[in-house]
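Read off the chains here:
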Protein chains: 2
Amino acid sequence: MTHGQVWPKPVIQNSYNVYLEFEQENFYFNSTGYSCDLLHEAFKRYKGLLFLKAKKTSQWLRRLPKNKIAGTLEKLNVKLLSPCEDYPSLNMDEKYEIKIRKSGGTLMAKSIWGILRGLESFSQLIIFEKYCLTFVIRCTSITDYPKFRHRGLLLDTSRHYLPVQTIISMLDAMSYSKLNVFHWHIIDDNSFPYQSKAFPSLSDKGAYGQSAIYSTNDIKLVIEHARQRGIRVIPEIDSPGHTLSWGLGGIPGLLTQCSDTDPNYFGPIDPTVDENYSFIKTLLTEVNELFRDQYLHLGGDEVNMNCWNNSKKLQTFMTLNNISNVEGLEDYYFKHIFNITRELKTVPIVWEELFSDNIHLDHNVVVQIWKPNNFSSLVQEVIDSGYAVLISSCWYLNYIKYGSDWSSFYNCDLSDIVDRNNLLLGGEACVWGEFVDETNVLPLSWPRASAVAEVLWSQVTNYTEARLRLEEHTCRMKRRGVPAQPANGPGFCTY
Amino acid sequence: MTHGQVWPKPVIQNSYNVYLEFEQENFYFNSTGYSCDLLHEAFKRYKGLLFLKAKKTSQWLRRLPKNKIAGTLEKLNVKLLSPCEDYPSLNMDEKYEIKIRKSGGTLMAKSIWGILRGLESFSQLIIFEKYCLTFVIRCTSITDYPKFRHRGLLLDTSRHYLPVQTIISMLDAMSYSKLNVFHWHIIDDNSFPYQSKAFPSLSDKGAYGQSAIYSTNDIKLVIEHARQRGIRVIPEIDSPGHTLSWGLGGIPGLLTQCSDTDPNYFGPIDPTVDENYSFIKTLLTEVNELFRDQYLHLGGDEVNMNCWNNSKKLQTFMTLNNISNVEGLEDYYFKHIFNITRELKTVPIVWEELFSDNIHLDHNVVVQIWKPNNFSSLVQEVIDSGYAVLISSCWYLNYIKYGSDWSSFYNCDLSDIVDRNNLLLGGEACVWGEFVDETNVLPLSWPRASAVAEVLWSQVTNYTEARLRLEEHTCRMKRRGVPAQPANGPGFCTY
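Residues numbered from 1 in each chain as written. Chains lettered and ligands numbered in written order. Predicted model: local features only at pLDDT ≥ 70, side-chain atom pairs only at ≥ 80, totals over all residues. Heavy atoms only, no water.

By the naming in an unreviewed UniProt entry, chain A goes by Beta-hexosaminidase and is assigned to Sipha flava. Regarding chain A, the relevant UniProt record gives this comment under Sequence similarities (unreviewed entry): "Belongs to the glycosyl hydrolase 20 family." The record in UniProt for chain A states the following under Catalytic activity (unreviewed entry): "Hydrolysis of terminal non-reducing N-acetyl-D-hexosamine residues in N-acetyl-beta-D-hexosaminides." (UniProt positions renumbered as here; feature names shortened; annotations may be inferred.)

Encoded structure:
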């Protein structure tokens, strides 16, 4: 296990064989630049995380020769060079610099988001010294910034409902690994926990139960908790497929009836009904107002084309409208949906099927790649077509395996991809919910998602180098209350 | 999901389409036979489990026509036909009978252990009725007893330390599935958390830390908690391999030095040193006094024969003593160990290697089979040689897989085994600790271990029949505070 190593590994770090100790009670953050509520809240938060209780027997401890401690770090000067932005965005500046010297400590960044990342790194530099039983920090300088702008984690709250408190814990853990996007796959076939103001019956009838609903206040709480940590929250309103739960509380005729003989066999949203588009417009408008991010995920994956092919009604519609196949119907559907997102001035994200099915995409659409086979050639194709890309193919965390499978998350080779216009925005670890609920989502996700976070942030491409650092990071998460499961096999954390 | 089905499935159950309701506050257990502390404690415990809070929206609920409720069940008459035994054993009688009739409810058993199993079943029969918002029970009669006497779960507290509270939760969950043996693999190469009175330095130096030790009181607490639930606790003192952690605090010369050139390369216990046998005798005597079970697991798996082969000292010893190979050395070692267990009047359990290596076994030794390949022919061989057998080959729960892998635990075909003398005692689910600690052991083990419990108890051999019942059982465990992970995919429990 390492001691005081930062996760993900900083781009540039020089360390010196000199340490400073802390007087826990007197240490403070000294704001020497711009300031705002985000900064003050972060100071409070990190004061609680810097000096977590250690025990004599802890492996967290490191024994230093006494003469290596050269002084005391009384404060950290925190210099924010520009006024705070209110909400994080794709192009937020996360760069920061840390200098820890005998003469003092400084954290500097152009943006509040860089300051947040720097505070996390600073908190991770602190170790508990075995000999003097004191907290110390190594003299070091760090210049750090992410490789990719979009470093996300997808949670699926439809296949199993996740309590708000569980989502909050996930956000905390994300911030400990500098992940910056929570992709909230909030609804799907199985349940509709999103409580709509315009259409309350959607969750009244489509949620698993009254105790399995996200109210407006719940969602605001999640968004604010995330914002405080520089994490964007992007909701996914997946359609036209994956919408069976909409059928329970939505407007009549919303879903396609796939069969003329079985009236209870429903499929994707019926793209031939004009009222359905008004319904979706109202829903997306409301969602777009509640969630503060500029991006909105529209889904578009795994549309049940058999259903559309088998519906006489839809086949008649296609004939009348000169639509030659069901992909044309999908195109027709998304023409309407992109009209809505354009009006809402939101940037759409869609799953890869829309690109593969040759749907007409607005120029600003982001395509998220999820299928594992041959994904890098598809990434290249999307980039060459001028669209921005997110990658998830390598990082389906719900597919569990025995052992240290986090190492495989480093084997996501993007080095051959030619990306002159920076269209590869980053990627997302996905925690689909078929077999995941509040009982296992935290240990299943951590520290495995931390590996994805490092691949997306740092220049490290070699998991053997990461192994011992991940061990430390796992124990650090446990000390902070995240039930992170063992990373590498037998071992012990005191916390 | 089923409603009010018992897990594991009873051998004989007849249900009638008539229900009785409860007045929660007034319901009581009425002891009409023998009684003892175990019975009274069980009454208290189950009073807390019978009527767990339900919500209107719960899937636990079932809507019954009002006229199906034919009366009230005021009490359960509990008739224990013999005085209580103090501690459970291999041959304890777990048979019980339940009769729920309009005229009253009865639970009857010859032994307190049967009463405990019956109370668990009774508690599982109770459901919350949606229409009247009341707890009800279906009129039913059950005659039930286990297929196998030994239905265990192995926990490994050496590769990762498990807090006592976690073990307690595991015992609770075991009792909800009628498992009756906690096989405590308490020490191993990685750490020595068992605090020995005779040799405190074993854990002082061999445990992961002061906070990763099981004191005598901790162990007594675990044993008593288990006893109250009719669960035996069998400790495993694995030797001569898997003992590296003993080397840190044991007597000098305890472990074999495998190499003449590398003084830090240690292997199994050195079988040539007489003092080692006195040391082990003191240790086993102490363990045997503390743990109350008649059985003691001696391990014996995966002995590093290369080490013994490479040690000049051992090779010389073998020449002097006419021992022709290292299996002979192993035999020499276990001759001493069996002398000890014979003196202690304890029944030894050993891993399959001792049988395969043709070690001389005492007639009463139990052989535990763990390797997966061709295990049933080895089982047959052991039985044919007159030894009792435990099976774990099919049930290594630590080997996780995506999805409903519990179904594979039913595919442990023992039907071809000829066992005229009832030597197949049962089996154990194993939760080895390489990647398991307190963060994930509960969701990883439940409901997967419940599937093993059913295979060992009931006549059910078909997992499709078990599917919906396991769904109910999982939700029941969650209501009772066991974080059991999803069994079958998307779904929801209210609790």
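(A) Inspection of the packing of aromatic side chains at higher detail. Under the criterion given, the structure shown has 63 aromatic pairs over all chains. Seen from their ring centres, Trp351(B) and Trp432(B) are 5.8 Å apart, and the 45° between their planes marks the pair as tilted. Of the two residues, Trp351(B) is situated in strand E15 (residues 347-351) and Trp432(B) in the loop between strand E18 (424-431) and helix H13 (441-445); the sequence distance between them amounts to 81 residues. You'll find Trp351(B) and Trp432(B) in the same group, each marked buried. By way of ring pairs, the aromatic residues Phe22(A), Phe27(A), Phe29(A), Phe43(A), Phe51(A), Phe122(A), Phe128(A) and Phe135(A) are connected into one cluster. The ring of Tyr295(A) carries the charged tip of Arg232(A) above its face, separated from the ring centre by 4.9 Å. Over the ring of Tyr176(B) we find Arg480(B); its NZ or CZ atom is 4.6 Å from the centre of that ring. (Phe/Tyr/Trp six-rings, centres within 6.5 Å; stacked < 30°, edge-to-face > 60°. Helix = DSSP H or I, 4+ residues; strand = E, 2+ residues; numbered from the N terminus. Buried < 20%, exposed > 50% of the residue type's maximum accessible area, 1.4 Å probe, protein only. Lys NZ or Arg CZ within 6 Å of the ring centre and 35° of its normal.)

(B) Structural view of the pattern of salt bridges. All names here are of chain B. Taken as a whole and judged by the stated rule, the model has 50 salt bridges over all chains. One salt bridge connects Arg-342 with Asp-362, and the closest N-O pair in it is separated by 2.7 Å. Placement of Arg-342 in helix H10 (residues 326-344) and of Asp-362 in the loop between helix H11 (353-356) and strand E16 (366-369) is noted, with a sequence separation of 20 residues between them. Between Glu-454 and Arg-469 there is a salt bridge; the shortest N-O distance is 2.9 Å. (Salt bridge = Lys/Arg side-chain N within 4 Å of Asp/Glu carboxyl O.)

(C) View of the confidence of the model for chain A. Counting all residues, the mean pLDDT for chain A is 95, and 97% of those residues have values of 70 or more. Interface confidence for the predicted complex, expressed as ipTM, amounts to 0.94; the pTM equals 0.96. (pLDDT = per-residue confidence, 0-100.)

(D) Here's a closer look at helix H1 (residues 37-50) of chain B. The first and last C-alpha atoms of H1(B) sit 20 Å apart over 14 residues, in line with the 20 Å expected at 1.5 Å per residue. Those residues of H1(B) lying buried are Leu38(B), Leu39(B), Ala42(B), Phe43(B), Arg45(B), Tyr46(B), Leu49(B) and Leu50(B). (Expected span 1.5 Å × (residues − 1).)

(E) Summary view of the interface of chain A and chain B. At the interface, 39 residues of chain A touch 39 residues of chain B. Here chain A meets chain B over a buried area of about 3,200 Å², counting both sides, of which 64% is carbon and sulfur. Inspection of the chain A/chain B interface yields 4 salt bridges. Note that Lys478(B) is salt-bridged to Asp437(A), the shortest N-O span being 2.8 Å. Taken together, the links from chain A to chain B amount to 14 residue pairs in polar contact (both at pLDDT 80 or more). The residue inventory of the side of chain A that touches chain B, partitioned by class, reads 16 nonpolar, 16 polar and 7 charged. (Contact = heavy atoms within 4.5 Å. Buried area = accessible area lost by both parts, 1.4 Å probe. Polar contact = N/O pair within 3.5 Å; in protein donor to acceptor, adjacent residues only side chain to side chain. Nonpolar A, V, L, I, M, F, W, Y, C, P; charged D, E, K, R; others polar.)

(F) Region of the structure containing the sheet that holds strand E17 (residues 388-391) of chain A. All names here are of chain A. Taking strand neighbours across the sheet as the criterion, the 8 strands line up as E11-E10-E9-E18-E17-E16-E15-E14 in an open arrangement whose pairing is parallel. Only two strands of the sheet have a single partner each, and these edge strands are strand E11 (232-235) and strand E14 (295-299). Across this sheet, the average inter-strand angle for adjacent strands is 25°, counted without regard to direction. The pairing of strand E9 (residues 150-156) with strand E18 (residues 424-431) spans 6 bridges and is parallel. The residue of E18 that forms the bridge with Gly-152 is Glu-428. Packed onto the sheet, helix H14 (residues 448-457) meets E9 and E18 and runs at close to 155° relative to E9. (Pairing = 2+ DSSP bridges. Axes fitted to C-alpha atoms, helices over the stretch in contact; angles between N-to-C directions.)

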